[in-house]
Amino acid sequence: MSSPKLTTDHAPAMGDIMTASGVAFGTSGARGLVVQMTDRVCYAYTAGFLQYLEQLGELPRVGRVAVAGDLRSSTERIMGACLQAIADRGFTPVHAGRVPTPALARYAFAERIPSLMVTGSHIPDDRNGIKFYRPTSEVLKSDEAGMKAQRVALPASFDAQDMLKAGARAAFPAVLPDVARSYVARYACAFGESVLRGARVGLYGHSAVGRDLCGEILLGLGAHVEKLGYSERFIPVDTEAIRPEDVRAAAEWARGGAYDAIVSTDGDSDRPLVSDERGKWLRGDIAALLTAKFLGATFVATPVSCNTAVERWRAFRHVERTRIGSPYVIEAMNRALGGDDRVVGYEANGGFLSATPLAVAGELPALPTRDAVIVLLAVLCFARREGRKISELVGDLPRRFTASDRLEDFPTELSQRHLRELTAGGVSAVHTMFPQLGPVQDLSSVDGLRITFESGEIVHLRASGNAPELRCYTEADREERAVQLNASALAVLRSWA
């Protein structure tokens, strides 16, 4: 790749670039509309990240930086801008190809090199993002100020539309196959070759970047795998707000396939979807709860939005609640290190993180970023170890049920303003808004507004940190009540628009 001269004449502050472009930086990295994520903006984000790492002393002057991406239509172009920025600053770009986010992170952590994942995760194809990894961890909330403060020198290589000029866009390096291969080997070594022998698994591939690797891992562990629902068009599968068509499809596949489970992931394959034998999707926090138990965890970090069954089950020595977002879960896990705890974390979307090695058939090394495959394998293996169906494992858990959904295209500023007003109004404002739910027992503003009613029912409202969405999480003692509660709460929230 070419290395044009970088001058301080074109050195805007990252904070100004973020504001002007509309591409925000938050708990999931940079996210925005594809039309906003021009080559210039993506180049600047990458350069700012590398410069920040240089200041921290985490990136040697001659070093490697890995880049991977998902299957979105805009990903290849954005990867090109990121790779170009890496080369222009004198570093060696490593092209990891189209692989799951956790595969990239696992490789980069092992090599102690920074990495970037071009992905919008579950959001629609008209949006995308870049997720950043330091050599040994995700970029955390404490890193945001340092990123925003960077002034980045930009080359005169962009046209009037802020895209790299034809002569300035170099060819991609060859794909390094080690990233995908080592991810597959991680699970083969930990679980053993025959642990799923005889299992029948439906693999809902849609447009998930890890669909083929997931199938390869399952086959390698002995499962019979049938591909379902593969798509060449990007499908925004959100594991926290499962689409009605995916609910129907899984039930239909299960009726005709006699599967032990149907499994899938979101777009960048860091969040899992796993169904029971009837094709009923498990909530992410329930699947992750079973995973934590199967892996013998003693310390669990999980956001306030997750099902309270984790405390009621009494299966773990310690449970710590955090704000929503993997950086907060990681911070809680890091605080738990140093003792004899087996430390894990999980989110409502099912993404599972580990901060200490865990024992299966062999050792499963720590991976302190969201992973999907570990959840799919653990749930299947748990059921086989116990000689039970997945629905029976779920049935043994405390009877608490959650539901979640969101209002899309809801401006973040509007959500935050209304939530501030509702929080400031306290119990009386909440009762005015939700009079049918009875007296309020507790209000928590740890992340958004979480309302616990004396009935034990919970309504949690929160502005999404990475998309213009107002999210609603609900919890009740009956599944149908949790769903009904969510729908009624969202009906009330629509008045805020």
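Put simply, side chains in a regular strand alternate between the two faces of the sheet. Among the eight residues of strand 6 (residues 127-134), eight are classified as buried, and the element is accordingly described as predominantly covered. Side chains Arg-127, Gly-129, Lys-131 and Tyr-133 project from strand 6 onto one buried face, and the interleaved Asn-128, Ile-130, Phe-132 and Arg-134 project onto a second face that is buried too. Where strand 2 (residues 29-33) lies against strand 6, four bridges are found, and the strand directions are antiparallel. Paired with Arg-31 across the strands is Gly-129, a residue of strand 6.

Taken N-terminus to C-terminus, the directions of helix 7 (residues 211-220) and helix 12 (residues 373-386) make an angle of 30 degrees; their axes are 11 Å apart at the nearest point. Classified by the angle between their axes, helix 7 and helix 12 sit roughly parallel to one another. When the axes of helix 7 and helix 12 are compared, the crossing they make is right-handed. Counted together, Cys-214, Ile-217 and Leu-218 of helix 7 and Val-373, Leu-376, Leu-377 and Leu-380 of helix 12 form the full contact between these two elements. Counted by class, the contact of helix 7 with helix 12 contains seven nonpolar, no polar and no charged residues.

With that settled, the discussion passes to the packing of aromatic side chains. Applying the stated rule across the entire model yields ten aromatic pairs. On the basis of an interplanar angle of 25 degrees and a centroid distance of 6.2 Å, the ring pair of Tyr-45 and Phe-132 is categorised as stacked. A residue pair is termed long-range when its members are at least 10 positions apart, and Tyr-45 in helix 2 (residues 39-56) and Phe-132 in strand 6 qualify at 87 residues. There is no split in this pair, since Tyr-45 and Phe-132 are both buried.

The subject of this paragraph is the sheet that holds strand 13 (residues 318-322). Here we have five strands laid out as an open sheet, ordered 13-12-14-15-18, and mixed in their pairing. Two strands close off the open sheet at either side, each with one partner strand: strand 13 and strand 18 (367-371). The sheet shows a mean angle of 15 degrees between the axes of neighbouring strands, direction not considered. Relative to strand 15 (residues 352-354), strand 14 (residues 343-346) runs antiparallel, the two being bridged by three bridges. Across the sheet, the residue bridging to Val-344 is Ser-354, located in strand 15. Contacts from helix 9 (residues 284-294) reach strand 12 (299-303), strand 14 and strand 15 within the one sheet, and its direction differs from that of strand 14 by about 170 degrees. Where helix 11 (residues 326-336) meets the sheet, it contacts strand 12, strand 13, strand 14, strand 15 and strand 18, and its direction lies at approximately 155 degrees from that of strand 12.

Right, let's talk about the environment of Arg-278 for a bit. Residue position: Arg-278 is located in the loop between strand 11 (272-274) and helix 9. For Arg-278, a relative accessible area of 52% translates into the label exposed. Between the alpha carbons of Arg-278 and Ala-261 there is a distance of 7.7 Å; along the sequence they are 17 residues apart. Among all residues touching Arg-278, those that are not within four sequence positions of it are Ala-251, Ala-254 and Ser-391.

Another aspect to go through is the pattern of salt bridges. Throughout the structure, instances matching the rule amount to 40 salt bridges. Between Asp-238 and Arg-471 there is a salt bridge; the shortest N-O distance is 2.9 Å. Taken as a pair, Asp-238 in the loop between strand 9 (224-230) and helix 8 (244-257) and Arg-471 in strand 23 (residues 470-476) lie far apart in primary sequence, 233 residues in all. Judged by relative accessible area, Asp-238 falls into the buried class, the value being 1%. Where Asp-270 meets Arg-370, a salt bridge forms, and the shortest distance between an N and an O atom there is 2.9 Å. Placement of Asp-270 in the loop between strand 10 (261-265) and strand 11 and of Arg-370 in strand 18 is noted, with a sequence separation of 100 residues between them.

Turning to the pairing of strand 18, a few remarks are in order. Where burial is concerned, most of strand 18 is hidden: five out of the five residues are buried. In terms of strand pairing, strand 15 meets strand 18 through two bridges, oriented antiparallel. Note that in strand 18 the partner of Ser-354 across the bridge is Leu-367.

The terminal C-alpha atoms of helix 14 (residues 412-433) lie 20 Å apart, and with 22 residues this falls more than 12% below the ideal 32 Å at 1.5 Å per residue. A bend of about 120 degrees at Gly-426 is the largest found in helix 14. Those residues of helix 14 that fall on the buried side of the exposure criterion are Leu-414, Ser-415, His-418, Leu-419, Leu-422, Gly-426, Val-430 and Met-433. The inward-facing, buried residues of helix 14 abut strand 20 (440-444), strand 21 (449-453), strand 22 (458-463), strand 23 and helix 15 (479-493).

Cut-offs applied
Residues numbered from 1 in each chain as written. Predicted model: local features only at pLDDT ≥ 70, side-chain atom pairs only at ≥ 80, totals over all residues. Heavy atoms only, no water. Buried < 20%, exposed > 50% of the residue type's maximum accessible area, 1.4 Å probe, protein only. Helix = DSSP H or I, 4+ residues; strand = E, 2+ residues; numbered from the N terminus. Pairing = 2+ DSSP bridges. Axes fitted to C-alpha atoms, helices over the stretch in contact; angles between N-to-C directions. Parallel < 35°, antiparallel > 145°, perpendicular 65-115°, else oblique. Left-handed = near helix turned anticlockwise from the far one by under 90°. Contact = heavy atoms within 4.5 Å. Nonpolar A, V, L, I, M, F, W, Y, C, P; charged D, E, K, R; others polar. Phe/Tyr/Trp six-rings, centres within 6.5 Å; stacked < 30°, edge-to-face > 60°. Salt bridge = Lys/Arg side-chain N within 4 Å of Asp/Glu carboxyl O. Expected span 1.5 Å × (residues − 1). Bend = angle between axes of the 7 residues up to and from the residue.

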